[in-house]
Amino acid sequence: MRDYDVIVVGAGHAGCEAALAAARLGFSTALVTVSYDTVALMSCNPAIGGIGKGQLVREIDALGGQMALITDEALIQFRMLNTRKGVAVRSPRAQCDRSLYRTAMLRTLQNQKNLHLIQGMVEEVTALNGSVSGVVLREGVSLSAKVVILTSGTFLRGKIFIGDRSYPGGRAGENSSENLSLSLQRAGFKTMRFKTGTPPRVDGTTLDFSVLKPQYGDDEIVPFSFLTERIERSQVPCYITYTTPRTHEIIRKNLHRSAMYGGHIKAKGVRYCPSVEDKVVKFADKERHQIFIEPEGLNTKEFYLNGISNSLPAEVQEEMVRSLPGFENVRITRYGYAVEYDFFPPEQLKATLETKLLGGLYFAGQVNGTTGYEEAAAQGLMAGINAALKLKGVSPLVLSRSESYIGVLIDDLVTKGVDEPYRMFTSRAEYRLILRSDNADRRLTPLGYRIGLASEERYRRLFEKEDSIKRLRKILEEKKEGANSFSQLLRRPDVTLKSLGERDESLLEFSEDVRQQVEIDVKYEGYINRQKSDAEKLSELEKKLIPREFDFFAVKTISYEAREKLSRVRPQNLAQASRIPGIRSADIFALMVALRKASSPL
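Keep in mind that what you see is a predicted model, and the values were worked out from it rather than measured.

**Let's talk about helix α17 (residues 560-569)**
Residues Ala562, Arg563, Lys565, Leu566, Ser567 and Val569 constitute the buried set of α17. Those residues of α17 that are buried lie in contact with α10 (405-416), α18 (574-578) and α19 (585-597). Just downstream of α17, Arg570 is the residue with a positive phi angle, here 50°.

**Some thoughts on the packing of helix α1 (residues 13-24) against helix α9 (residues 373-392)**
In the contact formed by α1 and α9, the axes pass within 7 Å of each other and the chain directions differ by 25°. In terms of orientation, α1 and α9 fall into the roughly parallel class. Between α1 and α9 the crossing geometry is right-handed. Here α1 contributes His13, Ala14, Glu17, Ala18, Ala21 and Ala22 to the contact with α9, which in turn contributes Tyr373, Ala376, Ala377, Gly380, Leu381, Gly384, Ile385 and Ala388. Residues that form the contact of α1 with α9 fall into these classes: ten nonpolar, three polar and one charged.

**Topic: the sheet that holds strand β3 (residues 47-49)**
Strand order in the open sheet formed by three strands is β3-β5-β4, with antiparallel pairing between adjacent strands. Each edge of the open sheet is held by one strand with a lone partner, namely β3 and β4 (75-81). Strand-to-strand, the axes of this sheet are offset by a mean angle of 20°, without reference to chain direction. Seen against the sheet, helix α2 (residues 53-63) touches β3 and β5 (91-96) and runs at an angle of roughly 80° to β3.

**Looking at the packing of aromatic side chains**
Under the defined criterion, the tally for this structure stands at ten aromatic pairs. Arranged with centres 5.8 Å apart and planes meeting at 55°, the rings of Phe209 and Phe303 form a pair that is tilted. Here Phe303 lies in strand β17 (residues 302-306) and Phe209 lies in the loop between β13 (201-203) and β14 (213-215), a separation of 94 residues in the sequence. The exposure class assigned to Phe209 is partly exposed, which follows from its relative accessible area of 30%. Aromatic ring contacts, followed pair by pair, group Phe189, Phe344 and Phe363 into a single cluster. Geometry around Phe226 places Arg58 over its ring, the cationic atom sitting 4.1 Å from the centre. When the ring centre of Tyr242 is taken as reference, the NZ or CZ atom of Arg288 above it lies at 3.7 Å.

**A word on the layout of surface pockets**
A volume near 1600 Å³ is recorded for the second largest pocket. In this structure, the second largest pocket is lined by 48 residues; those nearest its centre are Glu220, Val222, Glu512, Asp513 and Gln516. Residue assignment for the lining of the second largest pocket shows that the elements contributing at least two residues are β4, α11 (440-451), α12 (456-478), α14 (497-501) and α15 (512-523). The dominant element in the lining of the second largest pocket, judged by the number of residues it contributes, is α15, at eight residues.

**So, the pattern of salt bridges**
By the definition in use, this model includes 48 salt bridges. Salt-bridge contacts for Glu174 lead to Arg171; the nearest nitrogen and oxygen are separated by 2.7 Å. Accessibility classification places Glu174 together with Arg171 in one group, the buried group. The salt bridge involving Glu296 is made with Arg201; its shortest N-O contact spans 3.8 Å. Linking Glu296 in the loop between β16 (290-295) and β17 with Arg201 in strand β13, this pair joins segments that are 95 residues apart in sequence. There is no split in this pair, since Glu296 and Arg201 are both buried. By sharing partners, the salt bridges in this structure join Arg401, Asp411, Asp412, Lys416, Glu430 and Arg579 into a single network.

**Quick look at a positive patch on the surface**
Residues Lys190, Lys356, Arg568 and Arg570 make up a contiguous surface patch of positive charge. Its place among the elements puts Arg568 in helix α17.

**As for the nonpolar core**
Generally speaking, a soluble globular protein has its nonpolar side chains buried in company with each other. In terms of nonpolar packing, the biggest core is built from 116 residues, with Ile7 and Tyr101 touching the most fellow members. In terms of residue count, α9 provides more of this core than any other element does, eleven residues in total. Not counting chain neighbours up to four residues away, the residues in contact with Ile7 comprise Ala30, Val32, Gly134, Val135, Leu143, Ser144, Ala145, Val147, Val148 and Ile149.

**So, the state of the cysteines**
Overall, the coordinates contain zero disulfides when judged by the stated rule. Take Cys96: it sits in no disulfide, and the sulfur closest to it among the cysteines is that of Cys238, at 11 Å. With a relative accessible area of 0%, Cys238 lands in the buried category.

**Side note on unusual backbone geometry**
Its identity is not glycine, yet Leu353 carries a phi of approximately 75°, on the positive side. Looking at the element boundaries, Leu353 is found in the loop between β19 (337-343) and β20 (361-363).

Criteria and thresholds
- Residues numbered from 1 in each chain as written.
- Predicted model: local features only at pLDDT ≥ 70, side-chain atom pairs only at ≥ 80, totals over all residues.
- Heavy atoms only, no water.
- Buried < 20%, exposed > 50% of the residue type's maximum accessible area, 1.4 Å probe, protein only.
- Helix = DSSP H or I, 4+ residues; strand = E, 2+ residues; numbered from the N terminus.
- Contact = heavy atoms within 4.5 Å.
- Axes fitted to C-alpha atoms, helices over the stretch in contact; angles between N-to-C directions.
- Parallel < 35°, antiparallel > 145°, perpendicular 65-115°, else oblique.
- Left-handed = near helix turned anticlockwise from the far one by under 90°.
- Nonpolar A, V, L, I, M, F, W, Y, C, P; charged D, E, K, R; others polar.
- Pairing = 2+ DSSP bridges.
- Phe/Tyr/Trp six-rings, centres within 6.5 Å; stacked < 30°, edge-to-face > 60°.
- Lys NZ or Arg CZ within 6 Å of the ring centre and 35° of its normal.
- 1 Å grid on protein atoms, 1.4 Å probe; cavity = no way out; pocket = protein on both sides within 12 Å on 5 of 7 lines; lining within 4 Å.
- Points joined across faces, edges and corners; volume = space filled by probe spheres on them.
- Salt bridge = Lys/Arg side-chain N within 4 Å of Asp/Glu carboxyl O.
- Patch = residues over 30% accessible without salt bridge, like charges linked within 9 Å, V, L, I, M, F, W, Y side chains within 5 Å.
- Areas by Shrake-Rupley, 256 points an atom, 1.4 Å probe, with all protein chains shown as cover.
- Lys, Arg positive; Asp, Glu negative; His and termini not counted.
- Charge placed at Lys NZ, Arg CZ, Asp CG, Glu CD.
- Core = buried A, V, L, I, M, F, W, Y, C linked by side-chain atoms within 4.5 Å.
- Disulfide = S-S within 2.5 Å.

Rendered as structure tokens:
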């Protein structure tokens, strides 16, 4: 038997972040993956970031995670989304070279001190006296550990569907894990099923690009990582086409042959990323649907058709794809499919992502009912951090909704649960004006540094940046034009720091990043202060802790249904309790009174 401090099961985006965090915090860590070839694989579209997701990536980076650095290395196109909207919802997105991303992450893992990669499939999680004790591989090899982090994605009893054909698999060409989730069910964990899908990939040499609309990246690339000073790189275009009435006719004619509409799939899929069958059926009034044609990388001619995921038979996919403008003579290199898989409803987790049922066992990623690389990586990072802090015997790191999108993500999962695959959006964050992608380092790097994950270099850069922000703010307050200071002038909609710099060139000596922070802080000062005030009120409720052993059923002034929900979720504080679906403000007041009577630490 081989002994480790931490074992991470699965080397997808969650597993990579979890393993790196645990190893960097000083613990002997084993990362178990079926194959090196699939480490950090972009099994869906080859892109990182997007609305809400870009904020998650920059928060991962600010805490000392890896995803942003790898994205900067593999980036082949960059766009800042929502630039015509307010700063609260602007989100970075990068098209990546799929192969380069994977190899860069694998290199990072292999070079990381304290981290050991093992190729194999975990079939069982073992436990002793209510705590995890290790895992057993398919080959019969036992690995022992004080902590196990499960990040197995869509591989738990995964089943792939193409038309009326189905077979076990977590991803095309890869075996599913049939026994792992069953072993956890026997231990008392509840599982459910979700489904996801992927579109066909095509040979770019068979496309007619003359009829496709190119979409180019921004002139200026904004790095994802706060450690990357500048990216100067040639970018490749993506392309856009649309479905046609002929496409819709083909799909309608063959709906009964779709795995989903033919009744073969029962699980619920991602509402915000519907299959093309769903689009045609549920939006029957639309004459066309956009398809985003994404290059898979610089050294391949394969393209990903974002917007046309499906579970139709292969021959129907051929006919459907060739009905698209520019695709008349296309050759499909990989057919689309749907995959159904087990996940663990996340109410079974603490806010640290440790399971309530088994001490030392953490879940992260799609096993918690989420979808997306970024959501998975954020959970993996937090699971790795909290696993390490548990081993150190110190307080865990639980981020609140008012300080990070990661906090929103995890709080939503463990408090509200999921009834469909969870995806992050800016609309989920109540305090999105103060949780912007541009200030993630200012919000979270001090926390990352305090726990030992953010490096000295990262913290030094933040210190210098904050000093520059203070100096620039002071200059703006002191310099005047007539009766108004430059700060007052900057609050006007038509005035920018750049235009003020034309009047005083010393303002332009500061970096673009510093000028951006100051301009946002000054222009949105009133709104920012209001959100900070609201966040402080939330913080007061978060300080009102609920003892772990508190008997909710003893509070007779709360409805029985509410007591059931409180007992199932077991909120850590009144703020979390207030967010449980179905819990009323009257319930919170009654709970507050009961806690006072019980001499709780209020």
